[in-house]
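Coordinate inspection notes
The lines below spell out each chain.
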Amino acid sequence: MISNVLCARDFSPASERAFNYALDVVDRTAASLHLMYIEEISLGIFQGDPSPAPGRRALQNTFEERCRADLADVRSAPEDDRVSLVAKRSGAVAPALVEYAEANDIDLLVMGTHGRRGVERAMVGSVAEEVLRTATCPVLTTRAVEQEDDHAGPLSPSVERVVVPVDFSDASRAALQYATRVAAMYDVPMTLVHVVSLPKVPAVYGVELPALSQMELIDRAKAEVEAWAEEMIPDDRNANCAVHAGNPVGSIFETASSPSDLVVMATRGLSGVKRMMLGSVAEGVLRGAHGPVLSCRSFPSLP
């Protein structure tokens, strides 16, 4: 499922957390690791030094030295022949990452959601969202957390559960099928979550809502979620289902409340009067999740 992993690095806290997750995936899958640094501005590198940026070769050498020093401290670091180190300059970070991923058959792109800002770095943040909109491969994102944050937990790449939001679209079906492989890779249980939202119609419209009550809708949704779980999750994988009513983003956070919860979701689902579970919801989850988020426009089909 995963043969090549690309990790975007700018040495910010979010990037370092993403680096740890990338190393863990590589260790579990024996995949090749591609580490990439993209210099988008002309002022300094890594530490915000205002001196002129070095030439291309100096940039590459500096990046290689720092990455090799970091890898030397990793107990289960991949062999050198499975590591590629690439530093380059580009007018836009996201297109450069996506272009590299497509040219090198990357199966998983790992990056932080917030990196260095201003004159120091503009590596991730809105860049991560642009990557998610344009990348064809799954993208695993992690946000920077403060150690004093009650939800931060350890910065180790611990995954103890896979949480999968479903809205019964083809996109979320593909995400669930992919998530079962991810859960097997980590050997952890799964939780499927669906959110029911009742339409709010002002009384002045003179329109009555359907006769189904909120509880009846929840019961029907739970039955369908359980049917999906029975159909697509192997019998040897521990799984449960959660159905909420209300705000999708908040409900997903309520379910995936631990920094060790990995959320696997499609970035587009049903829309309009049917559902609006993903899309803008995926963006909200990406920005606020306590743990890592693995998402994709269209998850690849797996045998």
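Residues numbered from 1 in each chain as written. Predicted model: local features only at pLDDT ≥ 70, side-chain atom pairs only at ≥ 80, totals over all residues. Heavy atoms only, no water.

1. Overview of the overall build of the protein
Rules: The way it works is that DSSP assigns letters per residue, a run of H or I at least four long becomes a helix, a run of E at least two long becomes a strand, and they are numbered from the N terminus. Exposure classes here rest on a 1.4 Å probe applied to the protein chains alone. A residue is buried below 20% of its type maximum, exposed above 50%, and partly exposed in between. When checking whether two residues touch, look at their non-hydrogen atoms; a contact exists if any pair is within 4.5 Å.
The secondary structure content of the protein amounts to eight helices and ten strands. When the 303 residues of the protein are sorted by exposure, 49% land in the buried category. Within the protein, residue pairs in contact and separated by at least 24 positions form 78% of the contacts whose partners lie at least 6 positions apart.

2. Remarks on the packing of helix α5 (residues 170–186) against helix α6 (residues 214–232)
The following threshold applies: Here an angle of 0 to 180 degrees is reported between the N-to-C directions of two axes, which are lines fitted to C-alpha atoms, with helices fitted over the stretch in contact. Relative orientations are named as follows: roughly parallel for angles under 35 degrees, roughly antiparallel for angles over 145 degrees, roughly perpendicular for angles from 65 to 115 degrees, and oblique for any other angle. Left-handed describes a crossing whose near helix is turned anticlockwise from the far helix through less than a right angle; right-handed describes the clockwise counterpart.
Packing of α5 against α6 brings their axes to within 11 Å, and their N-to-C directions diverge by 45 degrees. In this view, α5 runs oblique relative to α6, as classed from their interaxial angle. Relative to α6, the crossing made by α5 is right-handed. Counted together, Ser172, Arg173, Leu176, Gln177 and Thr180 of α5 and Trp228, Glu231 and Met232 of α6 form the full contact between these two elements.

3. Some points on the confidence of the model for the protein
The criterion, for reference: For every residue, the pLDDT score states the predictor's confidence, bounded by 0 at the bottom and 100 at the top.
Scored by pLDDT, the protein comes out at a mean of 82, with 79% of its residues at no less than 70. Strand β1 (residues 4–8) holds the highest mean pLDDT among the elements of the protein, 97, whereas helix α8 (residues 280–288) holds the lowest, 81. Low pLDDT, under 50, characterises residues 115–124; the predicted model gives this stretch 40 contacts beyond four residues in sequence or across chains. Segment residues 270–278 is flagged for pLDDT under 50; beyond a separation of four residues in sequence, or across chains, it makes 25 contacts in the model.

4. Side note on the nonpolar core
Applicable threshold: Here, nonpolar core refers to any group of buried Ala, Val, Leu, Ile, Met, Phe, Trp, Tyr and Cys residues whose side-chain atoms link them within 4.5 Å.
By size, the foremost hydrophobic cluster in this structure holds 56 residues, and its most contacted members are Val5, Leu33, Leu35, Val162, Leu262 and Leu294. In terms of residues, this core owes the most to one element, α5, which gives nine residues. Excluding residues within four positions of it along the chain, leucine 33 makes contact with Val5, Cys7, Ala22, Leu23, Val26, Leu71, Pro78, Arg82, Val83 and Ser84. Counting 22 residues, the second largest nonpolar core, distinct from the first, contains Leu6, Val131, Val139 and Leu286.

5. A word on the environment of alanine 8
Here alanine 8 shows up in strand β1. Residue alanine 8 is classed as buried on the basis of its relative accessible area, which comes to 3%. C-alpha separation for the pair alanine 8 and valine 86, spaced 78 residues apart in sequence, amounts to 9.8 Å.

6. Points about the pairing of strand β2 (residues 32–39)
Basically, it comes down to this: The pairing criterion is simple: DSSP has to find at least two bridges between the two strands. Handedness of a crossover: with both strands directed away from the viewer, a clockwise path from the first strand across the helix to the second marks it as right-handed.
Most of β2 sits out of view: seven of its eight residues are buried. The pairing of β1 with β2 spans five bridges and is parallel. Pairing of alanine 8 across the sheet is with methionine 36, part of β2. Since β1 and β2 lie parallel, the crossover through helix α1 (residues 13–29) that links them has a hand, and here it is right-handed. In the sheet, β2 pairs with strand β3 (residues 83–89) via seven bridges, with the strands oriented parallel. Bridging across to β3, methionine 36 finds its partner in valine 86.

7. Observations concerning the sheet that holds strand β10 (residues 293–296)
The ten strands are arranged β3-β2-β1-β4-β5-β10-β9-β6-β7-β8 in an open sheet whose pairing can be described as mixed. Edge positions in the sheet fall to β3 and β8 (239–245), since each has one partner strand and no second. Strand-to-strand twist across the sheet, computed as the mean angle between neighbouring axes with direction ignored, equals 20 degrees. Both strand β6 (residues 161–165) and strand β7 (residues 190–196) contribute to a ladder of four bridges, which runs parallel. From the neighbouring strand, proline 165 faces β7, where its bridge partner is valine 193. Relative to the sheet, helix α2 (residues 56–72) contacts β2 and β3, its axis offset from that of β3 by approximately 140 degrees.

8. Remarks on the pairing of β7
Of all seven residues in β7, seven are buried; the element is thus mostly enclosed. Going residue by residue along β7, you find Met190, Leu192, His194 and Val196 tucked away on one face and Thr191, Val193 and Val195 tucked away on the opposite face as well. Inspection of the sheet shows β7 paired to β8 by seven bridges, in the parallel sense. Bridging across to β8, methionine 190 finds its partner in alanine 239.

9. A look at the side chain of aspartate 167
Selection rule: Throughout this description, a polar contact denotes any pair of N or O atoms lying within 3.5 Å of each other; where both atoms belong to protein, one of them has to be capable of donating a hydrogen while the other can accept it, and for residues adjacent in sequence the pair is counted only when both atoms sit in side chains.
Tracing the sequence through the fold places aspartate 167 in the loop between β6 and α5. Taking relative accessible area as the criterion, aspartate 167 reaches 1% and is therefore assigned buried. In terms of polar contacts, aspartate 167 uses its side chain to reach the side chain of serine 169, at 2.6 Å. At a separation of 3.0 Å, a polar atom in the side chain of aspartate 167 contacts the side chain of serine 172.

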